[in-house]
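Secondary and tertiary structure notes
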Amino acid sequence: MKANLRSLCLISLLFTALLSSAGAQSLINPGFEQTYLPIAPTGNSAPDAARITGSIAPGWSDNTDWAKNVILAYGPDTNRPHSGVTCQRITVTHGFAQVTQGMQFSAGRIQASVWVRAEPAQWVSLTVRLAGAPYTAYGARPIKAGPKWTRIRVECTVPATSGGLYVNTSGIGTVWLDDVGIAAVTSAAQNLSPPAGAIPRSYFGMNVNNMHVAPGFQWPVLDFGTYRSWDSGVIWPAIETARGVYDWSSLDKDVAQAQAHHAQFVFTLGQTPTWASSRPNEPAVYGKGYGAPPANLSDWKDFVREVATRYKGRIAVYEVWNEPDIAIFYTGTPAQLAALETAAAEVVHHTDPKALIAAPAVSGGRAASQLRFLDDYLAAGGGRHADVLAYHGYVYPAEEEVQAVQSYRDLLKSHGVSDKPLWNTETGTELATVSETETAAFVSRELILDWALGLGRICIYAYNGSFTGLDAPTADPKKRDPSRLGPSGIAYAQTMRWLIGAKMLSCASDAHGIWICALRRPDGTAAWLVWNPAGPSTFRLPLAWKVRSRTGGSISIGIQPVLVTRPK
């Protein structure tokens with residue numbers, strides 16, 4: 001489930017800018033100088049209302065008064081600014097902080113930056129985002145800030161629209177901000193290094209919502225090679241209804257269907273039955289106590305052993321938990337979750353040695369709060385007993401996956417686990433915020449780029465429903481038809497046909513932001529996937545391709561990738 005895209009904007013610290021008369025983007029008071037202004041009271045007297053005090057630099061304003069249980073204080077600091085006389089100090093004793101300023105982007109490639117320091121050290125991220133719904137993040141970059149000034153840079157392509165720069169803080173302590181910058185970038189070129197091997201069928205994965213709820217619905221009308229069980233109705237509480245009492249009916253069906261369709265099965269273990277929970281009365285999204293870790297590790301190990309024994313050779317991967325950085329899914333500590341990974345690995349590797357353990361994936365991979373949880377998890381020993389590291393690539397547009405994966409891999413490297421395979425076990429976009437056409441283009445580009453980034457699997461969330469929705473829309477906006485493919489499902493199927501068995505020789509964007517990925521298809525023919533995230537444009541076919549279109553040396557391209565093939 002994906003409340004996490006919305007949560008990106010709820011944990012952030014907003015910067016914005018105005019266009020100058022010459023059309024260049026400029027910031028108001030980027031150095032946090034001048035006489036600071038007192039922050040007005042929120043006017044909310046509720047016990048859990050945000051408590052925000054102090055003063056803020058002119059041109060900036062706090063935007064945290066909507067939040068509950070937030071306690072923070074702003075103020076000027078003349079001790080060790082990065083430059084000038086003053087920097088902005090924000091001390092958080094509970095929650096987080098947001099600062100805002102109005103902004104209008106000029107269309108094109110930009111680089112945004114901010115200098116930060118933090119005591120104690122904490123994750124801080126800079127995001128370039130659309131101002132209003134759907135709050136599209138055009139680029140983001142998190143770092144772990146410490147007592148020394150560090151610069152965060154984000155480079156991305158933006159449309160001509162109202163937007164802003166966001167700095168996300170993630171923990172209790174003091175953060176200092178200074179010298180925000182934004183500038184046009186003359187080249188949008190990016191270059192990826194795809195894996196050398198052929199793209200296997202197992203790379204193409206899928207999540208399916210509520211598989212056992214819709215009457216008669218059992219399996220998608222779509223080919224794919226990996227099936228992930230999250231939100232299909234087969235979590236631990238649905239199977240072991242009381243200690244030692246099992247209902248295998250739904251999971252039996254899922255496993256049988258996966259085998260019949262030659263799809264590798266990824267079973268997500270997360271959620272604890274109320275009877276086994278360490279906090280059985282604690283509210284959670286799926287049921288009381290479900291988000292807490294089990295009271296006794298033995299109950300967890302017994303359940304994992306029963307599953308691994310019953311489905312030996314049929315469940316390929318055991319994923320420890322789903323998005324533990326979000327409190328609706330998990331309320332334990334990173335160390336407790338690391339212990340669950342260790343226990344699951346011990347049981348599965350003994351019971352079914354060919355099965356793999358996937359570490360739990362945080363909810364997006366590039367917000368400061370998400371990487372803070374992952375950082376703590378890895379520091380507590382998480383990931384060491386996993387065969388695969390899981391990642392959830394909730395970014396939009398798809399090209400922002402490049403920076404997101406790099407941030408994730410930087411953190412894995414710092415903990416010595418970057419040599420393990422990385423899978424994207426959940427990704428998608430909400431249909432309420434983008435059109436069916438845009439979603440279809442997103443799906444195709446995500447499938448292409450994830451392979452170019454070296455991700456071993458990609459599981460779209462989800463085949464059916466309002467999140468991505470590869471099934472067909474109906475006249476009723478609240479209903480979809482899982483017996484037919486919609487635009488995104490058709491795009492998925494087409495892209496899979498382009499990629500499966502092919503070798504991706506290169507993948508890069510040119511100076512104009514146009515993406516070109518070169519393929520060697522299974523029959524040996526040369527082909528190229530081409531698209532422009534900015535929209536419709538004319539692409540001149542390189543002479544070296546030895547390809548001519550019906551109209552000569554150019555083709556029309558847009559947000560949906562097109563395949564150009566050299567005739568044999």
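Use the structure listed above.
Residues numbered from 1 in each chain as written. Predicted model: local features only at pLDDT ≥ 70, side-chain atom pairs only at ≥ 80, totals over all residues. Heavy atoms only, no water.

Comments concerning the side chain of Gln122
Which entries qualify depends on this criterion: Runs of E in the DSSP output that reach at least two residues are strands. Runs of H or I that reach at least four are helices, and both are numbered from the N terminus. In this scheme, a residue with accessible area under 20% of its type's maximum is buried, one over 50% is exposed, and one in between is partly exposed, where area comes from a 1.4 Å probe on protein chains only. Nitrogen and oxygen atoms within 3.5 Å of one another constitute a polar contact, given that in protein one can donate a hydrogen and the other can accept it, and given that sequence-neighbouring residues count only through two side-chain atoms. Note on contacts: a residue pair is in contact if any heavy atoms of the two residues lie within 4.5 Å.
Among the secondary structure elements, Gln122 is positioned in strand β11 (residues 122–130). Look at Gln122 and you get buried, because its relative accessible area is 5%. Separated by 2.9 Å, the side chain of Gln122 and the backbone nitrogen of Gly171 make a polar contact. With residues near it in sequence (within four places) discarded, Gln122 still touches Ile143, Lys144, Ala145, Thr169, Ser170, Gly171, Ile172, Gly173 and Val175.

Re the packing of helix α5 (residues 334–351) against helix α6 (residues 368–379)
Stated formally: All axes are obtained by fitting lines to C-alpha atoms, using only the stretch in contact for helices, and the reported angles, taken between N-to-C directions, cover 0 to 180 degrees. Our angle categories are set so that under 35 degrees counts as roughly parallel, over 145 as roughly antiparallel, 65 to 115 as roughly perpendicular, and the remainder as oblique. It is the rotation of the near helix from the far one that decides the hand of a crossing: anticlockwise by less than a right angle makes it left-handed, clockwise makes it right-handed.
One can describe the packing of α5 onto α6 by two numbers: an axis separation of 8 Å at closest approach and a directional angle of 55°. By the criterion of interaxial angle, the relationship of α5 to α6 is oblique. Considering only the axes of α5 and α6, their crossing is right-handed. Residue-level contacts link Pro334, Leu337, Ala338 and Glu341 of α5 to Phe373, Asp376 and Tyr377 of α6.

Description of the sheet that holds strand β16 (residues 190–192)
Pairing between the strands of a sheet is mediated by backbone hydrogen bonds and can be parallel or antiparallel. Where we set the bar: DSSP-based pairing: two strands are paired if at least 2 bridges between them are found.
The antiparallel open sheet is built from five strands, whose spatial order is β16-β29-β30-β31-β34. Among the strands making up the open sheet, the edge pair consists of β16 and β34 (562–565). On average, adjacent strands in this sheet sit at an angle of 20° to one another, irrespective of strand direction. The pairing of strand β30 (residues 515–520) with strand β31 (residues 526–531) spans six bridges and is antiparallel.

Describing the pattern of salt bridges
Selection criterion: Salt bridge, as used here: a side-chain nitrogen of Lys or Arg that lies within 4 Å of a carboxyl oxygen of Asp or Glu.
Summed over the entire model, instances satisfying the criterion amount to 18 salt bridges. Between Glu119 and Arg117 there is a salt bridge, with the nearest N and O atoms lying 3.9 Å from each other. When its relative accessible area of 36% is taken as the criterion, Glu119 is described as partly exposed. Linking Arg279 and Glu282 is a salt bridge whose minimum nitrogen-to-oxygen distance equals 3.0 Å. Linked through salt bridges whose partners overlap, the residues forming this network are Arg80, Arg117 and Glu119.

Focus: the nonpolar core
Worth spelling out the cut-off: Within this scheme, the nonpolar core is defined by two criteria: the residues are buried Ala, Val, Leu, Ile, Met, Phe, Trp, Tyr or Cys, and they are joined through side-chain atoms within 4.5 Å.
One finds Met206, Leu251, Phe267, Trp300, Tyr318, Tyr492 and Met504 to be the most contacted residues of the largest nonpolar core, which totals 93 residues. Here this core gets eight residues from one element, more than from any other, and that element is α5. With near-sequence residues (within four places) excluded, Tyr492 lies in contact with Phe204, Gly205, Met206, Leu222, Asp223, Phe224, Val443, Leu447, Ile460 and Leu470. In this structure, Val99, Val124, Val158 and Val167 belong to the second largest nonpolar core, which totals 42 residues.

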